[in-house]
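Inside the fold
Read off the chains here:
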Amino acid sequence: LFIASSTIAGNVAPAGAAIYDPGTPDVEARSIRSTLISGECGGAPLDSGGYNIESPGDTCGFGMGTDLPAEDQLDLGPLEDNGGPTKTHSLLENSVALDRIPELECVDNAGDPLRADQRGQPRPAGASSVCDVGAFELQPAVMESLLGIRRAGAACVITYFAPDVLSWMRTSSS
């Protein structure tokens, strides 16, 4: 099992709701890197390839210097259609997952550079040379729109980032 640049959230089970490993004998077969985990890990400790974030506790056994175990809040949007072939959890504006992985470390399980997130959006996004942790790469236009809404004093949270919504927001504010 090799998990890279994934978001694991919303799972339910009696033990190890996020991930459960009964003790795979081949250490290389259960490595996790650049992944967001919301929930508990169970069974044997998992092997970190770095840049993993776990919330709410420290149950996965991540010990690399780039890991963030026991984060209080991941700031994920709900599982929904954010574009692309599958539903994803968007990263919200204050997520600890934003801009954490240097571009040279933003790779797949073969060590090849990741150029797109789960939706097919560019990774890293915009002029940034830093990737987000997990399956979703927050795009600059989304962040600019969210910051513009906040500056205007609006008390709302947008979690659906369809291009049509962003286009509407840009034309409505002119």
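Structural data are supplied above this passage.
I will try to describe carefully the structure that is included in this document. (Residues numbered from 1 in each chain as written. Predicted model: local features only at pLDDT ≥ 70, side-chain atom pairs only at ≥ 80, totals over all residues. Heavy atoms only, no water.)

Here we take up the sheet that holds strand E4 (residues 31-33). Pairing is parallel across the open sheet formed by 3 strands, whose spatial order is E1-E4-E7. Each of the sheet's edge strands pairs with one partner strand only, and the pair in question is strand E1 (2-4) and strand E7 (47-50). Across this sheet, the average inter-strand angle for adjacent strands is 15 degrees, counted without regard to direction. Of the pairings in the sheet, the one linking E4 to E7 comprises 3 bridges and is parallel in character. Looking at E7, one finds that Ile-32 is bridged to Ser-48. (Pairing = 2+ DSSP bridges. Helix = DSSP H or I, 4+ residues; strand = E, 2+ residues; numbered from the N terminus. Axes fitted to C-alpha atoms, helices over the stretch in contact; angles between N-to-C directions.)

This part is about the packing of aromatic side chains. A full pass over the atoms with the stated rule returns 0 aromatic pairs. Here the guanidinium or amino end of Arg-119 rests over the ring plane of Phe-136, the centre of that ring lying 3.8 Å away. (Phe/Tyr/Trp six-rings, centres within 6.5 Å; stacked < 30°, edge-to-face > 60°. Lys NZ or Arg CZ within 6 Å of the ring centre and 35° of its normal.)

The next point concerns the pattern of salt bridges. Evaluation of the coordinates by the stated rule reveals 4 salt bridges. Glu-105 is paired through a salt bridge with Arg-33; the nearest N and O atoms lie 3.6 Å apart. Separated by 72 residues along the polypeptide, Glu-105 in the loop between strand E11 (101-102) and strand E12 (130-131) and Arg-33 in strand E4 bring together distant segments of the chain. Linking Glu-103 and Arg-115 is a salt bridge whose minimum nitrogen-to-oxygen distance equals 3.4 Å. Of this pair, Glu-103 sits in the loop between E11 and E12 while Arg-115 sits in the loop between E11 and E12; the two residues are 12 residues apart in sequence, bridging distant segments of the chain. Given a relative accessible area of 34%, Glu-103 falls into the partly exposed group. (Salt bridge = Lys/Arg side-chain N within 4 Å of Asp/Glu carboxyl O. Buried < 20%, exposed > 50% of the residue type's maximum accessible area, 1.4 Å probe, protein only.)

Before going further, it helps to examine unusual backbone geometry. Looking along the chain, the bond that leaves Ser-55 and enters Pro-56 is cis, with omega of 5 degrees. Although it is not a glycine, Tyr-51 adopts a positive phi angle of roughly 60 degrees. Structurally, the position occupied by Tyr-51 is in the loop between E7 and strand E8 (53-55). Although it is not a glycine, Asp-75 sits at a positive phi angle of roughly 55 degrees.

What is shown is where atoms sit, not what they do.
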